[in-house]
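Inside the fold
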Amino acid sequence: MEQLALDIGLTPQPSFARFEPCGNEAAVQCLQEGIAQLTAPAPASAPLPVYLWGAAGTGKSHLLQSVAQALQEAGLAVGWLRPGSLQAAGGAPPEFDPRWRAILLDDVGQFDPATQQCAFNWFINATHPGEGPPCWVLAAGDAPPVDLPLREDLRSRLGSGLGFALQPLNDTQRQQVLQRQAQERGVVLSDEVAQYLLGRFARDLSSLSALLAQLDAHALRTQRAITIPLLRQMLEQRSPAAPEAGRGLT
C-alpha cells in the first residue's frame, strides 16, 4: 500500500480571483479596501482590525493568504502567526517587526498560552507602535471573539474592530469551485464525479480540494482520466494510516 502525497506544485496559490464570495461580498470588499488604503502613495493610517470567523472550509485562511499575497506583491512586508508557529521557531516567540504593514493571526482559537501571549504582544505593537506607522491586524477563527477560548485581553482586542461571519458555499457552488480548480490543473471533472465527491466525502471545500489534488496526482501517475472507478481505485490503494477523506464509499 502507498500513501498518496499532495502535489503542492500543481496547486494554484490563494487569491481574491480564486475566492467565490457568494454571501461574503462585504468581507471581501472590506479586505480589498484595506489593501488599497495600505498601498496608497501616502497612507495616513492603518485600516481597522478585521476578524473573520466561520466553519472549516469557509475560506478564512484563503482570504488571509490573499491579503498577504496582494501586500507582498506591492512590496509590503507582513507577519504571520499560526498554531505551531512557536514550535517551528524553536519555541522562541517571533519578535514583532516594525517593518511589517500587516499582521495575520490565523486559526486563533487553537492558540496555546504562549502563542496567545505572542499574539497579544504583536497586537499591541501593531496598533500602538514604538516606531513606524500603525500596522493592520487581520485574524481568523472558527467562532466569534466572545466564544473563543482565549485570554480576555486578546479576545477583547480581536473583537475591537470589524467582524465578518463567513458563509459556507452550497453544493452547487462547491461543485463549480471544484470543477474550476480541476480546469486550472488541466483536467476535466465531470458533473458525475463532482457530485459523487460532494455526496460521499467531507463537505468542507478545503477537504474536497485536497482530495481533488490527490485524485489529480493519481490520474497523472496512472495516465487515466478522472472517473468514479479511478477514485475508488485511489482510495483502495491508500495507506491504512492515511486519514479518511470523509464518510467513505457506500
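Residues numbered from 1 in each chain as written. Predicted model: local features only at pLDDT ≥ 70, side-chain atom pairs only at ≥ 80, totals over all residues. Heavy atoms only, no water.

**Here's the deal with the overall build of the protein chain**
Helix and strand counts for the protein chain come out as 9 helices and 5 strands. In the protein chain, the succession of α and β elements from N to C terminus is α-β-α-β-α-β-α-β-α-β-α-α-α-α. Out of the 250 residues in the protein chain, the part that is buried amounts to 46%. Here the contacts in the protein chain between residues at least 6 apart in sequence split such that 73% fall between residues at least 24 apart. As displayed, the protein chain offers around 12,200 Å² of accessible surface, 53% of which is attributable to carbon and sulfur atoms. (Helix = DSSP H or I, 4+ residues; strand = E, 2+ residues; numbered from the N terminus. Buried < 20%, exposed > 50% of the residue type's maximum accessible area, 1.4 Å probe, protein only. Contact = heavy atoms within 4.5 Å. Areas by Shrake-Rupley, 256 points an atom, 1.4 Å probe, with all protein chains shown as cover.)

**Here's the deal with the confidence of the model for the protein chain**
Taken as a whole, the protein chain shows an average pLDDT of 85; of its residues, 89% reach a score of 70 or greater. Confidence over residues 1-10 falls short of pLDDT 50; this stretch has 23 contacts with residues more than four positions distant or in other chains. Low confidence marks residues 239-250, where pLDDT is under 50. Its contacts with residues over four positions away, or in another chain, come to 26 contacts. (pLDDT = per-residue confidence, 0-100.)

**What to know about the nonpolar core**
Residues L31, L52, V67, W136 and L138 are the most contacted members of the largest nonpolar core, which totals 25 residues. The leading source of residues in this core is helix α1 (residues 25-38), at 6 residues. For L31, the residues in contact, after removing those within four places along its chain, are F16, V50, L52, L63, V67, W136 and L138. Counting residues in each nonpolar core, the second largest holds 24 residues, with L169, I228, L230 and M234 among its members. (Core = buried A, V, L, I, M, F, W, Y, C linked by side-chain atoms within 4.5 Å.)

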